[in-house]
Amino acid sequence: MHRHVANPAEDTGSATIALIGNPNVGKSVVFGYLTGHYVIVSNYPGTTVEIARGRLAWEHYRALRGQNRYQRSARQRPNRGRRGAHHGRTLRRSHAFRRRHAAWEVIDTPGINNFIPTSEDELVTRNILMNQTPARILQVADAKNLRRGLLLSLQLAEMGLPYTLCLNMTDEAQDRGITIDALALSEELGVPVVETIATQKVGLDEARRRVLDTKSRPKEVPIPYPEPIKKATEELIPLLPEMPISRKSLALMLLSGDATLTAWMGTTFDEAHGEVIRSIIERIRRAFARSVSVEITQARMRAAAQLLERVVQQRETRLISLTQWLGRATTHPVGGFAFVAAVLTGMYYFVGVFGAGTLVDWLEEGLFGSYIIPGLSWVVETIFPWQLLRDLLIGEFGLLSMALSYSIAIVLPIVGTFFIAFGLLEDSGYLPRLSVMMNRLFKAMGLNGKAVLPMVLGLGCDTMATMTTRILDNRKERLVVTLLLALGVPCSAQLGVILGMLQGISIGAAAIWLGVVASVIFIVGYLAAKAIPGQSSDFLLEMPPLRKPVIGNIVIKTMARLEWYLREAVPLFFLGTFLLFVIDRLHLLVSIESATAPVVQSFLGLPVEATAAFIMGFLRRDYGAAGLFLLARNGQLDTIQILVSLVVITLFMPCIANLFMIIKEHGLRVALGMSAFILPFAILVGGAVNWSLRLLNGVVP
Amino acid sequence: MKSHLIDEILETVWVAHEDGRPEAATLEVKCRHDVGEFDLQACLQEMEVAGLLVLKEGRVDFTDEGRTRARNIIRRHRLAQRLLMDVLDVSEIESEEMACQFEHFLSEEVTDKVAAFLGYPRVDPNGRPIPSGAPGEETIELVKPLITRLTRLSVGERARVAFLTPSFHQRFDRLVAFGINPGVVLDLHQRTPAYVVRVGETELALDPEIADEIYVRPLT
């Protein structure tokens, strides 16, 4: 009698809800609502595209169960009186219920504009639909940009996949005088349409309920494809195998010349069969001067526009809101740069002064220096009698004393504050505008404005930034930016020490340091973009409206990123420290010092002690700088020497954690190649600065 | 041989040259209006005799006379198609078909007027170059052509997208998916440091190179 709650075969197993939609429509917010905090971010196999997965949060099951009980009690009123007697069974039932539903998985796919893949993101999303066949699809669309959302809806309908349409940001649409008749739209599309304001959780309950309920196929909206394409589609359909998506949609994908399907075709069809299909595709390709995919997309766009006319009313509003005005101002040719300066200054104070200063002092000297490390030392010394093990854990280069305190007490507060600042910028919609402002400069280098984002992140931590080069469109740009990060972008820890040293000398010296580093970044970026084969990607960027960031979302995002940092970067700090420990044990440091003395002393004009600082710099970027700081404070370096050593340490090898990250992202060969360039190059530039300054001064102090 | 058919074959050879495949064996005449049945290879030889083409080792090349004639046909065809599509909003397939007929009877004078009317476009709706007419025409710039590039609009101007001529298809697909497709109205907000346009409620930043490939009809 209590078997009827749900049909296990339908609602359990690998049941997946896929979230699909254009970029910047609030998918992640909906995702956060559905999953709570248990999120796994992982790469889609064989790509750099990240997919977030999570289990449907428990509270939704509770809501579901409540709903079921309500339905049951309505139907089984006579049994109600006996419920108390069955208390035990109800409990058990709830466990069973939980077990059955715990299998719902939610996938947040990357934002896309079309299912005809032109980017890795679009390919991944298309493949998820084609191969994994999620049981439920929730399309999130921006209500004020419905035309672009409908382009996706029409394709989902064509694929014959059941989906629920969530019209998000209805508040913004209303502000802009856009009214959507959701009922009529639902009628036209044959799918549930839910109006939501995700950031305020308005309508999300309803969206969740509808998406779990909907299994019926959507209506197919007629699309005015050109005659030859229609005919070829009909010819192709009987030749294609049964797939999770409709054969019609598959035929259109093939006709659109989707090169990513070639491999699939090779394994699916035998020679003769494949030849027939290819000849049809070829015939259509020849019939159109423009690409067939363009014809198809334009026909879909026309259908979307017609649909839009029937369900949307647009009142002309000429009123420009404050955020719109601000949005314009942030990309103003002149005013925009004032914003850039203000944002960078704000970040400097929050991340550099508050994070790297106040918080680090408090954590490193206070919490770690006075309590945690002494405590751990005491524990280690009490438990372990072996000196080697004690050194390994709490010695000068100990895993606890150095790696732990470094990664938690120094880097964590810096990247933590950085992530908060970055999250604010991201959520406010400012980042694309920053890219616009910097596009010219990066374009001159042969990159595009998007590259500015990892470079800014590099000022926080180069290791993290190397990981985020994934946001760039192609391998070439990822390689160039990774190189520039490794070469010339000082991380916040190092930057702090460098600024400390520059402060001691003069504004002029600081300007020389900045000028040398900036021009090196520019020149190397320019040459690398020339040398590395591949096209630089188009700068075609959507600028979402500026918004007031929602604190809750930033908290969730920052927590997810910190978890990422702890999981991926911290182990590298431990590995690096361990290597340092080994080098120290084997007394390699002294031999390296004497071997490199000629270069350091004669060419760079630095005292031999500087070598140790450089080697340390490889293991921990700021450690190297700190070594130089000490030398300078003890009066062992003159102004020129300080400048030269700062230039060298800034350009010097990336820290070991960063190097491991480069290996992880691009492979050992690339990492070694970059190191082989950076090491001599940094010394060369240092030497050039040394000799030109000495020639200009005409004296050797 | 009918002059219509000669025109069609010259046109086909021209396009084959543009595609870098001027081989006699792979030629295929697309417009077959009013030409009846014919044997292409025989026609090619006939045209060689007439001093329009040179056939050598499977390659088809023009004589000077043949090139001049082909160039004029292509110019008429492509200008006609631009006129039909941009100004008269005729669909691509229909305009292609009609242009196939226009190319045979547009006089030189009318062709030049069409070119001037359109603001001396450099490419046809498919992105193929339109041969120029009289020498020096390249430097003529109308005060306000009916159709112009997005890059020639001034900030704050509103225009309707006429057509796109992206140098590669992916760019085209991306633009269309962002909502920049023929027929929509856009506002140009900014030219530096990047072009910023607004289509509906979507604001897009793009490089000058991309903006240069978007042709619009100014509305203000």
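With that settled, the discussion passes to the overall build of chain A. When helices and strands are counted, chain A shows 31 helices and 10 strands. Per-residue burial over chain A gives 53% buried out of 701 residues. Within chain A, contacts between residues separated by at least 24 positions form 77% of all contacts whose residues are at least 6 apart in sequence. Surface summary for chain A: the accessible area is close to 31,200 Å², and the carbon and sulfur share equals 62%.

A tally of regular secondary structure across chain B gives seven helices and eight strands. Among the 220 residues that make up chain B, the fraction classed as buried is 54%. At a minimum sequence separation of 6, the contacts of chain B that also span at least 24 residues come to 65%. For chain B, the exposed area adds up to about 9,900 Å²; of that, 52% sits on carbon and sulfur atoms.

This model, assessed by the stated rule, comprises seven aromatic pairs over all chains. We note R82 of chain B situated over the ring of Y215 of chain B; from NZ or CZ to the ring centre the distance is 5.0 Å.

Right, let's get into the sheet that holds strand β7 (residues 202-206) of chain B. Read across the sheet, seven strands follow the order β10(A)-β7(B)-β6(B)-β5(B)-β4(B)-β8(B)-β3(B) without closing on themselves; strand pairing throughout is antiparallel. Each having just a single partner strand, β10 (540-542) of chain A together with β3 (148-149) of chain B make up the two edges of the open sheet. Alignment of strand β4 (residues 158-164) of chain B against strand β5 (residues 185-190) of chain B, held across three bridges, turns out to be antiparallel. Residue pairing for β5 of chain B: A159 of chain B is matched across the bridge by L186 of chain B.

This next bit is on unusual backbone geometry. The phi angle at M169 of chain A is positive, at roughly 60 degrees, despite the residue not being glycine. Phi is positive for E57 of chain B, close to 50 degrees, though the residue is something other than glycine. Given the relative accessible area of 79%, E57 of chain B is considered exposed.

Our next topic: the packing of helix α6 (residues 146-159) of chain A against helix α14 (residues 292-311) of chain A. All names here are of chain A. Running from N to C, α6 and α14 cross one another at 110 degrees; their axes reach a closest spacing of 9 Å. Classified by the interaxial angle, the pair formed by α6 and α14 is roughly perpendicular. For the pair α6 and α14, the sense of crossing is right-handed. Between α6 and α14, the residues in contact are L146, R147, L150, L151, L154, Q155 and E158 and T297, R300, M301, A303, A304, A305, L307 and L308, respectively. The residue makeup of the contact of α6 with α14, split by class, is 10 nonpolar, two polar and three charged.

Below, the discussion takes up helix α5 (residues 120-132) of chain A. Residue and element names in this part refer to chain A. Counted at 1.5 Å a residue, the expected span for α5 with its 13 residues is 18 Å, and the 17 Å between its end C-alpha atoms agrees. Considered for burial, the residues of α5 that qualify are E122, V124, T125, R126, N127, I128, L129 and M130. Positive phi appears at T133, one or two residues downstream of α5, with a value of about 45 degrees.

Each side of the interface is counted separately: chain A has 46 residues, and chain B has 38 residues. Between chain A and chain B the total buried area reaches about 3,800 Å² when both faces are included, carbon and sulfur atoms providing 51% of it. Counting the contacts that link chain A with chain B gives three salt bridges. Between D207 of chain B and K443 of chain A there is a salt bridge, with its nearest N and O atoms 2.4 Å apart. Those elements that place two or more of their residues in the side of chain A that touches chain B are α6, α14, α15 (322-329), α19 (431-445) and β10 of chain A. Taken together, the residues of the side of chain A that touches chain B sort by class into 17 nonpolar, 13 polar and 16 charged.

Glancing now at the side chain of S246 of chain A. All names here are of chain A. Looking at where S246 falls in the secondary structure, it is placed in the loop between α10 (227-236) and α11 (247-255). With a relative accessible area of 18%, S246 lands in the buried category. Discounting chain neighbours no more than four positions away, the residues touching S246 are E158, M159 and G160.

It is worth spelling out α10 of chain A at this point. Residues and elements named next belong to chain A. Restricting attention to buried positions, one finds in α10 the residues I229, A232, T233 and L236. For α10, the angular spread of buried residues about the axis comes to 105 degrees, placing them on one side. Exposed residues on α10 whose side chains face more than 90 degrees from its buried face are E227, K231 and E234. At its buried positions, α10 is contacted by α11, α13 (271-287) and α14.

Residue and element names in this part refer to chain A. Position of D462 relative to the elements: it lies in helix α21 (residues 462-468). On the basis of relative accessible area, D462 is assigned to the buried category, the value being 3%. Sequence separation between D462 and L484 is 22 residues; the distance between their C-alpha atoms is 9.9 Å.

What follows concerns the environment of L540 of chain A. Topologically, L540 of chain A is positioned in strand β10. With 90 residues separating them in the primary sequence, L540 of chain A and K450 of chain A have C-alpha atoms 9.7 Å apart. Not counting chain neighbours up to four residues away, the residues in contact with L540 of chain A comprise R174, L175, F178, A205, L206 and I210 of chain B.

Oppositely charged side chains can form a pair if their charged atoms are brought close together. Here the structure, examined in full by the defined rule, presents 34 salt bridges over all chains. A salt bridge links E172 of chain A to K144 of chain A, with the nearest nitrogen and oxygen atoms 2.7 Å apart. In this pair, E172 of chain A is assigned in helix α7 (residues 170-175) and K144 of chain A in the loop between β5 (136-142) and α6, connecting sequence segments 28 residues apart. Given a relative accessible area of 14%, E172 of chain A falls into the buried group. On the basis of relative accessibility, which here comes to 5%, the residue K144 of chain A falls in the buried class. A salt bridge links R285 of chain A to E282 of chain A; the nearest nitrogen and oxygen atoms lie 2.8 Å apart. Taken together, the residues R285 of chain A and E282 of chain A, both in helix α13 and three residues apart, mark about one turn of the helix. Connected through salt bridges with shared partners, the residues E18, D19, R78, D124 and R128 of chain B form a single ionic network.

All names here are of chain B. Of the pairings in the sheet, the one linking strand β1 (residues 53-56) to strand β2 (residues 59-62) comprises four bridges and is antiparallel in character. In the sheet register, V54 faces β2, and the bridge partner there is D61. In this antiparallel pair of consecutive strands, β1 and β2, the connection spans two residues, and E57 shows a positive phi of 50 degrees.

With that settled, consider a nonpolar patch on the surface. All names here are of chain A. Judged by side-chain polarity, I420, L424, I551, V555 and M559 come together as a nonpolar surface patch covering roughly 440 Å² of accessible area. Looking at the nonpolar patch, the elements with two or more residues in it are α18 (399-428) and α25 (551-585). The leading source of residues in the nonpolar patch is α25, at three residues. By secondary structure assignment, the location of V555 is in helix α25.

The rules behind each value
Residues numbered from 1 in each chain as written. Chains lettered and ligands numbered in written order. Predicted model: local features only at pLDDT ≥ 70, side-chain atom pairs only at ≥ 80, totals over all residues. Heavy atoms only, no water. Helix = DSSP H or I, 4+ residues; strand = E, 2+ residues; numbered from the N terminus. Buried < 20%, exposed > 50% of the residue type's maximum accessible area, 1.4 Å probe, protein only. Contact = heavy atoms within 4.5 Å. Areas by Shrake-Rupley, 256 points an atom, 1.4 Å probe, with all protein chains shown as cover. Phe/Tyr/Trp six-rings, centres within 6.5 Å; stacked < 30°, edge-to-face > 60°. Lys NZ or Arg CZ within 6 Å of the ring centre and 35° of its normal. Pairing = 2+ DSSP bridges. Axes fitted to C-alpha atoms, helices over the stretch in contact; angles between N-to-C directions. Parallel < 35°, antiparallel > 145°, perpendicular 65-115°, else oblique. Left-handed = near helix turned anticlockwise from the far one by under 90°. Nonpolar A, V, L, I, M, F, W, Y, C, P; charged D, E, K, R; others polar. Expected span 1.5 Å × (residues − 1). Buried area = accessible area lost by both parts, 1.4 Å probe. Salt bridge = Lys/Arg side-chain N within 4 Å of Asp/Glu carboxyl O. Arc of directions from axis to C-beta. Patch = residues over 30% accessible without salt bridge, like charges linked within 9 Å, V, L, I, M, F, W, Y side chains within 5 Å.

Purely spatial values, then, with no claim about function.
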